[in-house]
Amino acid sequence: LEAGEASPQPVPPPPPVGRREPRPIDWRSDQGDLVKIVQEIVGVNADGDRGPKTRAATKSLQKRLGVPADGLAGPATVEAYLLSVPNLYRAKPASEMPAPAVKLVQWIGGVSPDGSFGEGTERAVMEMQAWLGLPADGNVGDDTKRGITR
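Cut-offs used in this document
The numbers attached to residues start from 1 for each chain and follow its sequence in the written order. At least 70 in pLDDT is required for a residue's local features to be given in this predicted model, at least 80 for side-chain atom pairs to be given and counted, and no such filter applies to totals for whole chains, interfaces and linings, which use all residues. Computation of side-chain values: all heavy atoms of the structure, hydrogens and water removed. Each aromatic pair joins two rings of Phe, Tyr and Trp (for Trp, the six-membered one) with centres within 6.5 Å, and gets the label stacked for planes under 30 degrees apart, edge-to-face for over 60, and tilted for any other angle. Lysine NZ or arginine CZ positioned within 6 Å of the ring centre and within 35 degrees of the ring normal marks a charge as sitting over the ring. Note on definitions: salt bridges are taken to be side-chain nitrogens of Lys or Arg within 4 Å of carboxyl oxygens of Asp or Glu. Numbered from the N terminus, helices here are DSSP runs of H or I no shorter than four residues, and strands are runs of E no shorter than two. Whether a residue is buried, partly exposed or exposed follows from its accessible area with a 1.4 Å probe, protein chains only, as a fraction of its type maximum: under 20%, in between, or over 50%, in that order. By convention a nonpolar core is built from buried Ala, Val, Leu, Ile, Met, Phe, Trp, Tyr and Cys residues, the set being connected through side-chain atoms within 4.5 Å. The contact criterion used is simple: two residues touch if any of their non-hydrogen atoms lie within 4.5 Å. Orientation is described by axes fitted as lines to C-alpha atoms, over the contacting stretch for helices, and by angles from 0 to 180 degrees between their N-to-C directions. Here the word oblique covers every angle except those under 35 degrees (roughly parallel), over 145 (roughly antiparallel) and from 65 to 115 (roughly perpendicular). Left-handed describes a crossing in which the near helix is turned anticlockwise from the far one by less than a right angle; the clockwise case is right-handed. Polar here means any residue outside two lists: the nonpolar Ala, Val, Leu, Ile, Met, Phe, Trp, Tyr, Cys and Pro, and the charged Asp, Glu, Lys and Arg; Gly therefore counts as polar. For cavity detection a 1 Å grid was placed over the protein atoms alone, and a set of points counts as a cavity when a 1.4 Å probe fits there but cannot get out; an open set counts as a pocket when protein lies on both sides within 12 Å along at least five of seven lines, with lining residues being those that have an atom within 4 Å of a point. Grid points are joined across faces, edges and corners, and a volume is the space filled by probe spheres set on the points. Polar contacts, as used here, are pairs of N or O atoms within 3.5 Å; protein pairs need one atom able to donate a hydrogen and one able to accept it. Residues neighboring in sequence count only if both atoms are side-chain atoms.

Chemist: How would you explain the packing of aromatic side chains if you had to name every residue and give the values?
Modeler: The tally for this structure, following the rule as stated, stands at zero aromatic pairs. Seen from the ring of tryptophan 107, arginine 23 lies directly overhead, with NZ or CZ sitting 4.4 Å from the centre.

Okay, structure coming up:
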């Protein structure tokens, strides 16, 4: 900062408006967005098809994350992936947050998964945190990552 220049202030979070239960992670029955998000994470064509390429790439990710490699992106895989990425929050530059991780949190929170951590995503995170009995600060840290994947 230059002399006399004020430090940037974090964006204050909106007040929580209620409580929101995180969406259950059910890889076998999901018909779209969850599969596409996982495909984006594992680096295959995001077409929503849980075919052999997706399963093989998911197994590879699971091995890297140290979870059972069954090719199904269930709660343990999602939790391990989220724990492997930096904390997510609205005031953080988008370039420092993997868009697939933001999409995953959005999907779990019932927000349209666009990869942009805006006010709607922050509100959903705060409502999930309130439902989980965590401090509702809108920061997707380790406790929130563990809580929303249970």
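Chemist: For the pattern of salt bridges, give the residues involved together with the corresponding values.
Modeler: Side chains that differ in sign of charge can pair as their charged atoms come close. Tallying each qualifying case throughout the model produces six salt bridges. A salt bridge links arginine 90 to glutamate 122; the nearest nitrogen and oxygen atoms lie 2.9 Å apart. With arginine 90 in the loop between helix H3 (75-84) and helix H4 (99-108) and glutamate 122 in helix H5 (residues 119-132), this residue pair connects regions lying 32 residues apart in the sequence. What makes glutamate 122 buried here is its relative accessible area of 4%. Here arginine 146 makes a salt bridge to aspartate 143, at a shortest N to O gap of 3.9 Å. You can see arginine 146 and its partner aspartate 143 sitting in helix H6 (residues 142-148), three residues apart, about one turn around the helix. Among the residues examined, arginine 146 registers a relative accessible area of 33% and is labelled partly exposed.

Chemist: Run through the nonpolar core, naming residues and quoting values.
Modeler: In this structure, Leu82, Leu88, Leu104, Val105 and Ile108 are the most contacted members of the largest nonpolar core, which totals 29 residues. At the level of secondary structure, the elements contributing two or more residues to this core comprise helix H1 (33-42), helix H2 (52-65), H3, H4 and H5. Residues contacting leucine 88, with those up to four places away along its chain left out, are Met97, Pro98, Ala101, Val102, Val105, Phe117, Gly138, Asn139 and Val140.

Chemist: So what about the packing of H1 against H4? Which residues, and what values?
Modeler: Viewed as axis vectors pointing N to C, H1 and H4 meet at an angle of 160°, and their least axial separation amounts to 9 Å. The orientation of H1 relative to H4 falls into the category roughly antiparallel. The two elements H1 and H4 meet at a crossing, and its hand is left-handed. Two secondary-structure elements touch here, H1 through Asp33, Leu34, Ile37, Glu40 and Ile41 and H4 through Pro100, Lys103, Leu104 and Trp107. Residues that form the contact of H1 with H4 fall into these classes: six nonpolar, no polar and three charged.

Chemist: Lay out empty space enclosed by the protein in plain terms, naming residues and giving numbers.
Modeler: Tallying each qualifying case throughout the model produces one cavity of 30 Å³ or more. The computed volume of the largest cavity comes to approximately 50 Å³. Mapped by element, the contributors of at least two residues to the lining of the largest cavity are H1 and H3. Broken down by element, the lining of the largest cavity gets its largest block of residues, three residues, from H3. Within the lining of the largest cavity, the residues separate by chemical class into seven nonpolar, one polar and no charged.

Chemist: Talk me through the environment of threonine 149; I want residue IDs and the actual numbers.
Modeler: Note that threonine 149 resides in the segment after H6. Given a relative accessible area of 2%, threonine 149 falls into the buried group. Leave out the neighbours within four places in its chain, and threonine 149 touches Ile25, Pro75, Val78, Glu79, Leu82 and Ile108. At 3.4 Å, the side chain of threonine 149 and the side chain of glutamate 79 are in polar contact. Here lysine 145 takes part through its backbone oxygen, which lies 2.9 Å from a polar atom of the side chain of threonine 149.

Chemist: Please give an account of the side chain of glutamine 129 that cites residues and values.
Modeler: Inspection of the secondary structure assignment puts glutamine 129 in helix H5. Glutamine 129 sits in the buried class, given a relative accessible area of 1%. A polar atom in the side chain of glutamine 129 sits 3.0 Å from the backbone nitrogen of aspartate 137. Engagement of the side chain of glutamine 129 in a polar contact is seen with the backbone oxygen of asparagine 139, the distance being 2.9 Å. In contact with glutamine 129, not counting residues within four places along its chain, are Leu134, Pro135, Ala136, Asp137, Gly138, Asn139 and Thr144.

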